[in-house]
Amino acid sequence: MSSPLTESVGAKQVEIVIDGAERLVPAGVSVAVALLLARADATAPSRTVFCGMGSCYECVAVVNGVPGVRTCITPVADHMRVDTRGTGNDA
Amino acid sequence: MRETVDTDVLIVGAGPAGLNAVREAADSGLDVVVVDENVVPGGQITRQRLPTGDPAGERDGLESKLGAAVRYMGATTCIGFRRGREEALLAKDGEVTVVHARAVVLAVGALERTRPLPGWTLPGVMTAGAAQTMLKGSGLVPFRRAVVAGSGPLLLAAATQLLRAGVKVQAVVEASRPRVGHVREVPRLLGGGSVFVDGLRYLATIGLRGVPVFTGWGVRRVIGTSSVEGVEIGPLDRNWMPRATNGSARILDCDLVLLSFGFTSSTDLAAVIGARLEPDEAQRSWRPWRSESFETSEPGVWAVGDCAGVEGAQVSALEGTVAGLAVVERLTGRAAPRARSGRVQRRLRRLRAFERAVASVWKTQSGSTSWAADDTTICRCEGTTLSDLEAAIRDGATSLHSLKLGTRAGMGRCQGRTCTPLLSDLLTGKDLAPKTIAPPSIRFPVRPASAGAIAQYAVGDDTAPPRREDSSS
């Protein structure tokens, strides 16, 4: 997504892998926000973040191999691998 | 494997209520463990920015102010208790820590209420709190045009915050409308002090930016194929029943819809610990019974803040102080000076009056149960629709339990947190009164836990682990 949305978060970026594709995203954002920023090219998920505070489990993904991670309360980290295709719901 | 921690006080939830309890206990020399699902303490209202991975900037937040006797366990979920409160089970990354504490303070907050309506499962529909969380935690909301809809003062707060973040707010759609009877709430509203002033400031900002505010209106449906493309809004009657539009309904373009209808106490941990729940008429929900110092019916377990009746951050913080002082007195025999307790109680009374006035002005009306269409999803995890639920009710389901057995609603991954208030509204009909039905039954673990974590639960236990109600996940 274009720059005006990301101006407020500072210049530092981290590289994460979303569904196999490398992405630069702002440091210090949640994985859920990173997924929304990257969604223009990713496959459209049927659900995304809803409650935003770890209650509804609709934003879960596989993060670094761990299924069922609530991306809304998980910050991005350099070299993190996020997979939204499939088993995020199979904790 | 699993770690065991002994401490004086375990505090679950690091928002305004929990952190004040932490302060009182730690100041009196007690050992404190405080656990929160978020990486950094602060809770929702005082949510801190997420760490950026820069070690220089990490240690200046709330966590560094907690003090040496306080152990903060972030990104950690309290999944339940066993033997009453004696053993708390905390899960992080599939590993379980068992905490033995002499006192437990539950300060786990509230969940935002929504209303199911056509299209509300589309990506781009979220709670107002979700957008606020993104702004506070991540510093941005990756959307361009928003409609903020529902009922309550949070709509104005969220709209103002979106405007400041550069998101265009197409409209604020408030279901309640001013009534003559609300005049008598004015003195109590003024008693809210700075919170009341904040509200006026939000209204001013929204007015200055030219954002249309529709009062007595609601969202009829969210429009979009794979994500939100717009909403249709239309007028409501006093009971929030959709009125004939006579051409007045409007379609607004947007890629973000925020829904907010107040809050409901998060009571799952109180229930699983064995504390007695009582109906909370104002919130159309349940809350743990509490003594004057906010101890629950389970001795040694306190419940404070929005998890014990939703009354906002200021009341929560004061309750945290009261419970913290009570815990100190219980564990050390040292009582707080009378003058201090008196001051806290007087402030609590004034703020409570303010919160009651807010609840009365923005009371959810039962006409909103008709906003969903037959094929609208009610249980977002299991995909249970309104017609599935109405069929089960026609077939004799009169409790949350029987609805669940008949339709699977509430049995999904969120364990009913999102849909239980909606199911209870359907069951209680036009009164929306929870006292007519039993509260939901809660089992360990209160959050999905890995098989490994559940296996660890059984280690060293002489009884079989409780079975999960949800056998599917």
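Calculation rules
Residues numbered from 1 in each chain as written. Chains lettered and ligands numbered in written order. Predicted model: local features only at pLDDT ≥ 70, side-chain atom pairs only at ≥ 80, totals over all residues. Heavy atoms only, no water. Helix = DSSP H or I, 4+ residues; strand = E, 2+ residues; numbered from the N terminus. Phe/Tyr/Trp six-rings, centres within 6.5 Å; stacked < 30°, edge-to-face > 60°. Buried < 20%, exposed > 50% of the residue type's maximum accessible area, 1.4 Å probe, protein only. Lys NZ or Arg CZ within 6 Å of the ring centre and 35° of its normal. Contact = heavy atoms within 4.5 Å. Buried area = accessible area lost by both parts, 1.4 Å probe. Salt bridge = Lys/Arg side-chain N within 4 Å of Asp/Glu carboxyl O.

### Some thoughts on unusual backbone geometry
Okay, so step 1: The step from Phe444(B) to Pro445(B) runs through a cis peptide bond, and the omega angle for that step is -15°.
Okay, so step 2: With respect to the helices and strands, Pro445(B) occurs in the loop between α12 (420-428) and α13 (451-458).
Okay, so step 3: Backbone geometry places Tyr57(A), a non-glycine residue, at a positive phi of 65°.
Okay, so step 4: For Tyr57(A), the location among the structural elements is in the loop between α1 (31-38) and β3 (60-63).
Okay, so step 5: Even without being glycine, Phe294(B) reaches a positive phi, approximately 70°.
Okay, so step 6: Here Phe294(B) shows up in the loop between β18 (285-288) and β19 (301-303).

### Some details on the packing of aromatic side chains
Okay, so step 1: The full count for this structure, using the stated rule, is five aromatic pairs over all chains.
Okay, so step 2: Geometrically, the ring pair formed by Phe50(A) and Trp120(B) is edge-to-face, given 5.8 Å between the ring centres and 85° between the ring planes. Of this pair, Phe50(A) sits in the loop between α1 and β3 while Trp120(B) is found in the loop between β7 (110-112) and β8 (125-127), placing the two residues in two different chains. In terms of burial, Phe50(A) and Trp120(B) fall into one category: buried.
Okay, so step 3: The rings of Trp240(B), Phe261(B) and Trp371(B) are connected pair by pair, giving a single aromatic cluster.
Okay, so step 4: The side chain of Arg380(B) reaches across the aromatic face of Phe50(A), ending 3.6 Å from its centre.

### Here we look at the interface of chain B and chain A
Okay, so step 1: Facing 44 residues of chain B, the contacting portion of chain A comprises 39 residues.
Okay, so step 2: Buried area between chain B and chain A, summed over both chains or domains, comes out near 3,300 Å², and the portion from carbon and sulfur atoms is 55%.
Okay, so step 3: Summed over the three residues of chain B that lose the most area to chain A, namely Leu140(B), Pro142(B) and Arg413(B), the buried surface amounts to 20% of that side.
Okay, so step 4: Counting every contact that joins chain B to chain A gives two salt bridges.
Okay, so step 5: Here Arg70(A) makes a salt bridge to Glu37(B), at a shortest N to O gap of 2.8 Å.

Purely geometric stuff here, so don't read any function into it on its own.
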